[in-house]
Structures are given as C-alpha cells and as structure tokens.
Amino acid sequence: MPTVVNCPTCTTDVVWSEQSQYRPFCCKRCQLIDLGEWSFENNKISTTIQSDAELDPQAAQDLIEDMEAMLAKNDDFFK
C-alpha cells in the first residue's frame, strides 16, 4: 500500500511516489505558496542551531561549495 501524506498547504491527500512530482505538495501552486511563506519569514525554525565547533573559513567555504554542487544537480526542483 502506498504512503499517503497530507499536502502541507491545503491538506489534500498526496500519494508519496515518483509520480507525485511536487511531493509533499499536491501541486505547483501549493509548493509556491509554501515557498512564499518562508520567503516572507512567516515560517521559521524556532530554535537556534547550535554547533559544538566553529568552522574555519576554508571549511565553511568547502561546505558552501558542496551544498551549491548538490543544488545544481537538482536544478529542476522549482520547474
């Protein structure tokens, strides 16, 4: 039996599968509504992320480059 989740925006049932292009959202519209909520800071992570160790500048730059490379591989997310 496939997993079914509720769309975070409109609560419509969404089947969690490769065919559900916008999962966990039911459609592009709901995905963009959610993105807008984050961009207007209506949604936010409520607690501060705490790190045991500070990153040196080179390690921070390496982390940024790794994340950019990962995002570049998934550039069709907002299509």
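Note that this is a predicted model, so its numbers are computed, not measured.

### Quick notes on the overall build of the chain
Phase 1 of the analysis: Each helix and strand in the chain was counted, giving 2 helices and 2 strands.
Phase 2 of the analysis: Reading the secondary structure of the chain in the N-to-C direction produces β-β-α-α.
Phase 3 of the analysis: Within the chain, buried positions represent 11% of all 79 residues.
Phase 4 of the analysis: For the chain, the proportion of contacts with a sequence separation of at least 24, taken over those separated by at least 6, is 17%.
Phase 5 of the analysis: As displayed, the chain has an accessible area near 7,000 Å², and 55% of this comes from carbon and sulfur atoms.

### A closer look at a negative patch on the surface
Phase 1 of the analysis: Taken together, the side chains of Asp56, Asp62, Glu65, Asp66 and Glu68 make up a negatively charged region of the molecular surface.
Phase 2 of the analysis: By the secondary structure assignment, glutamate 68 is in helix H2 (residues 57-73).

### So, unusual backbone geometry
Phase 1 of the analysis: The omega torsion of the bond from arginine 23 to proline 24 falls at 10 degrees, within 30 degrees of zero and hence cis.
Phase 2 of the analysis: Tracing the chain through its elements places proline 24 in the loop between strand E2 (13-15) and helix H1 (28-39).
Phase 3 of the analysis: Positive phi is not limited to glycine here, since threonine 11 has a value of about 65 degrees.
Phase 4 of the analysis: Position of threonine 11 among the secondary structure elements: in the loop between strand E1 (4-6) and E2.
Phase 5 of the analysis: The exposure class of threonine 11 is exposed, given its relative accessible area of 54%.
Phase 6 of the analysis: You will see that glutamate 41, though not glycine, has its phi angle at about 60 degrees, which is positive.
Phase 7 of the analysis: Along the polypeptide, glutamate 41 turns up in the loop between H1 and H2.

### Overview of H1
Phase 1 of the analysis: For H1, spanning 12 residues, the distance from its first C-alpha to its last is 16 Å, which sits close to the expected 16 Å at 1.5 Å a residue.
Phase 2 of the analysis: Immediately downstream of H1, the backbone of glutamate 41 shows phi near 60 degrees, a positive value.

### Description of a nonpolar patch on the surface
Phase 1 of the analysis: Taken together, the side chains of Leu55, Leu63, Ile64, Met67 and Met70 define a hydrophobic patch exposed on the protein surface, amounting to about 470 Å² of accessible area.
Phase 2 of the analysis: Topologically, methionine 67 is positioned in helix H2.
Phase 3 of the analysis: Judged by its relative accessible area of 42%, methionine 67 is partly exposed.

### As for the nonpolar core
Phase 1 of the analysis: Judged by nonpolar contacts, Cys7, Val14, Tyr22, Phe25 and Cys30 together constitute the single largest core of 5 residues.
Phase 2 of the analysis: Non-local contacts of cysteine 7, meaning those with residues more than four positions away in its chain, are made with Thr12, Val14, Pro24, Phe25, Cys26 and Cys30.

Definitions and cut-offs
- Residues numbered from 1 in each chain as written.
- Predicted model: local features only at pLDDT ≥ 70, side-chain atom pairs only at ≥ 80, totals over all residues.
- Heavy atoms only, no water.
- Helix = DSSP H or I, 4+ residues; strand = E, 2+ residues; numbered from the N terminus.
- Buried < 20%, exposed > 50% of the residue type's maximum accessible area, 1.4 Å probe, protein only.
- Contact = heavy atoms within 4.5 Å.
- Areas by Shrake-Rupley, 256 points an atom, 1.4 Å probe, with all protein chains shown as cover.
- Patch = residues over 30% accessible without salt bridge, like charges linked within 9 Å, V, L, I, M, F, W, Y side chains within 5 Å.
- Salt bridge = Lys/Arg side-chain N within 4 Å of Asp/Glu carboxyl O.
- Lys, Arg positive; Asp, Glu negative; His and termini not counted.
- Charge placed at Lys NZ, Arg CZ, Asp CG, Glu CD.
- Expected span 1.5 Å × (residues − 1).
- Core = buried A, V, L, I, M, F, W, Y, C linked by side-chain atoms within 4.5 Å.

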